[in-house]
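Commentary on secondary and tertiary structure
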Amino acid sequence: MARFLRILGIETSCDETAAAVVERAADGVPTVRSDVVLSQLEEHSAYGGVVPEIAARAHVEALDTLIDEALKRANVSLSDIDAIAATSGPGLIGGLLVGLMTGKAIAKASGKPLYAVNHLEGHALTARLTDGLAFPYLMLLVSGGHTQLILVRGVGQYERWGTTIDDALGEAFDKTAKLLSLPYPGGPAVEQAAKNGNANRFDFPRPLVGEAKLNFSFSGLKTAVRQAATEIAPLTDQDVADICASFQRAVSRTLKDRIGRGLERFKAAYPQVDGGPALVVAGGVAANLEIRSTLQALCDKYGFRFVAPPLRLCTDNAVMIAWAGLERMATGVEPDDLDVQPRSRWPLDAGAEALLGFGKRGAKA
Ligand code: KG4
Ligand code: ZN
C-alpha cells in the first residue's frame, strides 16, 4: 500500500486510558502526532492493585475527552483519520468494552474502518516504530499483567516461546512490595529499597531455571519472600532492603537463564538476520535497572542488539495500538467487522497452549 495513512488509536485494557494519532508514510516512516495517557494509579493504589470495576468506570469517564484531546493535539479532525484502532484484548473486560465500543461507535458514525487490535501486538510492534527494527526479532514483555517471550516474525506472525505459569513479573514485584508494606506500584519501591540492601543475604529460589521450556514462574518466589519476612519479623529498614535486593537478584538470575536460552534458540533458528539479531524489551518492569543491565549483558554475550524503547512507549499507551493498526493496514489486512467482540484472553500466538494463570491481573492478595 503506497499511501500515507493516519490512525486514531484507543487503549483501555488495564489501568491506563489512552488515545493517540499516529501516521505512517508510504515508506514506513512513522510520525506520532499525539499521545495522551491518563493513568489511574491513584484510584487503585489504596487497594494495592487494579480493581476492574473502578478501572472500567474511570475509562468511561475519561475516554471521550481524551480522544478529543488527542485529535486536538494532532491538529486533525475525525474526517482526517483513515481508520480507528482500538484494543480489544487481552485485558480487563470492562475496560476493553469501553474502548472497543467507543471505537466501533466512531467507526460507524464516520464510516471509517475499525481495527480491533491485540494489546500484545501493540507491544510487539512498538520497536518498529521507535527503532525501525526489521523482522524477525525476539520480544520480552514484562509488565503487571504479562510476562512473555515472543518471537515476532512479521505483522500477524507471532510465536509465544515462553509465558508465566502463574504471576506476571510486575505482579510479583507488586506483591513483594505489599507484604513488606512498601507502596504500590511495587516495582519502583522494591528497586529503590534494594539499593541499600545485601543481595546475598537471602537465597531465594530461581524458578524453572534449567528447564528446556522457556516459561516463567514467580509465585514460589513470592512465597519464599513471605516466609523470610515472617521468620525475621519485625522487619527493620535494613531487613526490607536486604529482602528486596535478594528478590531482585533472584529475578535477574531467573531471567538470565530463561532469556539466555531464548537467545540461543533464536540464533539457531535464524543464523542470518538483517541488521543482526535483536532483543526488544517492553512493559513497566523494563524500567528496572538491574533487570536492564542483566538483559544488556546477555545481549552483549550472545551478540544481540538490545532495544529498549522509551519507557512511555514501553508501558501502556495508545500510540502502539494505532501503530499496530497502521502496520496491519499497510500489510493489506482487512479491517474488522463492527460486530467484533472484546476478549479478556487472547494469546497472540493462537497455536500456543493455554496456561493457567497467564496474564490475569487484578487486585488479588
Ligand atoms: O506496563 P505497565 O506500566 O502496566 C501494566 O502492567 O499495565 O507495568 C506496570 C508494572 C507494575 O507491576 C510495576 O510494579 C512494574 O511494572 N514496574 C517495575 C518498575 N517500574 C514499574 N518493576 C520493577 N522495577 C521497576 N523499576
Ligand atoms: Zn501492556
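Residues numbered from 1 in each chain as written. Chains lettered and ligands numbered in written order. Predicted model: local features only at pLDDT ≥ 70, side-chain atom pairs only at ≥ 80, totals over all residues. Heavy atoms only, no water.

What follows covers the packing of helix α6 (residues 186-194) against helix α8 (residues 237-269). Pairs of packed helices are described in terms of their axes, by the angle between the two and the distance that separates them. Between α6 and α8, the least distance of the axes is 7 Å, while the angle of their chain directions is 110°. Regarding the angle of α6 to α8, the classification is roughly perpendicular. Residues Val190, Glu191, Ala193 and Ala194 of α6 form the contact with α8, whose own contacting residues are Ala241, Cys244, Ala245, Phe247 and Gln248. Tallied by class, residues from the contact of α6 with α8 come to 7 nonpolar, 1 polar and 1 charged. (Axes fitted to C-alpha atoms, helices over the stretch in contact; angles between N-to-C directions. Helix = DSSP H or I, 4+ residues; strand = E, 2+ residues; numbered from the N terminus. Parallel < 35°, antiparallel > 145°, perpendicular 65-115°, else oblique. Contact = heavy atoms within 4.5 Å. Nonpolar A, V, L, I, M, F, W, Y, C, P; charged D, E, K, R; others polar.)

Let us now look at the pattern of salt bridges. Evaluated as defined, the whole model comprises 18 salt bridges. Arginine 328 is the salt-bridge partner of glutamate 121, the closest N and O atoms lying 3.9 Å from each other. Here the residue glutamate 121 occupies a position in helix α4 (residues 119-131), and arginine 328 occupies one in helix α11 (residues 319-330), the gap between them amounting to 207 residues. Judged by relative accessible area, arginine 328 falls into the buried class, the value being 12%. Notably, a salt bridge pairs glutamate 171 with lysine 175, separated by 3.6 Å at the nearest N-O pair. Residue glutamate 171 and its partner lysine 175 are located together in helix α5 (residues 169-179), separated by 4 residues, close to a single helical turn. Each of Asp167, Glu171, Lys175 and Lys222 takes part in one network of salt bridges that share partners. (Salt bridge = Lys/Arg side-chain N within 4 Å of Asp/Glu carboxyl O. Buried < 20%, exposed > 50% of the residue type's maximum accessible area, 1.4 Å probe, protein only.)

Our next topic: the site of ligand 1. If you check the shell around ligand 1, you find 19 residues, and the closest are Gly144, Asp174, Gly187, Glu191 and Gly284. Contact between ligand 1 and glutamate 191: a nitrogen atom at 2.8 Å from a side-chain N or O atom of the residue. Here an oxygen atom of ligand 1 and a backbone polar atom of valine 285 are 3.5 Å apart. If ligand 1 stood free it would expose 550 Å²; the protein chains cover 90% of that surface. Breaking the shell around ligand 1 down by element, the ones donating at least two residues are α5 and α6. Of all the elements, α6 adds the most residues to the shell around ligand 1, at 4 residues. Here the shell around ligand 1 is composed, by residue class, of 5 nonpolar, 10 polar and 4 charged. (Near = heavy atom within 4 Å. Polar contact = N/O pair within 3.5 Å; in protein donor to acceptor, adjacent residues only side chain to side chain. Areas by Shrake-Rupley, 256 points an atom, 1.4 Å probe, with all protein chains shown as cover.)

Our next topic: helix α2 (residues 52-74). Helix length check: α2 (23 residues) gives 31 Å between terminal C-alpha atoms against 33 Å at 1.5 Å per residue, within 8%. The set of residues buried in α2 consists of Ala55, Ala56, Ala58, His59, Ala62, Leu63, Leu66, Ile67, Ala70, Leu71 and Ala74. Of the surrounding elements, those touching the buried residues of α2 are β1 (5-11), β2 (16-24), β3 (30-39), α1 (41-45) and α3 (93-110). Backbone geometry just after α2 places asparagine 75 at a positive phi near 60°. (Expected span 1.5 Å × (residues − 1).)

Let us look at the packing of α2 against α3. Look at α2 against α3: their axes get within 8 Å of each other, and the N-to-C directions meet at 30°. Here α2 lies roughly parallel to α3, going by the angle between them. Remark: the crossing between α2 and α3 carries right-handed chirality. Facing α2, whose interface residues are Ala56, His59, Val60, Leu63 and Ile67, α3 presents Gly94, Gly95, Val98, Gly99, Thr102 and Ile106. (Left-handed = near helix turned anticlockwise from the far one by under 90°.)

Strand order in the open sheet formed by 5 strands is β8-β7-β6-β9-β10, and the pairing between neighbours is mixed. Among the strands making up the open sheet, the edge pair consists of β8 (157-163) and β10 (305-307). Geometrically, the sheet is characterised by an average inter-axis angle of 25° between neighbouring strands, direction not taken into account. Both strand β9 (residues 278-282) and β10 contribute to a ladder of 3 bridges, which runs parallel. Counterpart to alanine 278 in the pairing with β10 is arginine 305. Running over the sheet, helix α9 (residues 289-302) touches β6 (137-142), β9 and β10 and is turned about 155° from β10. (Pairing = 2+ DSSP bridges.)

Interpretation in functional terms is not warranted from these geometric data alone.
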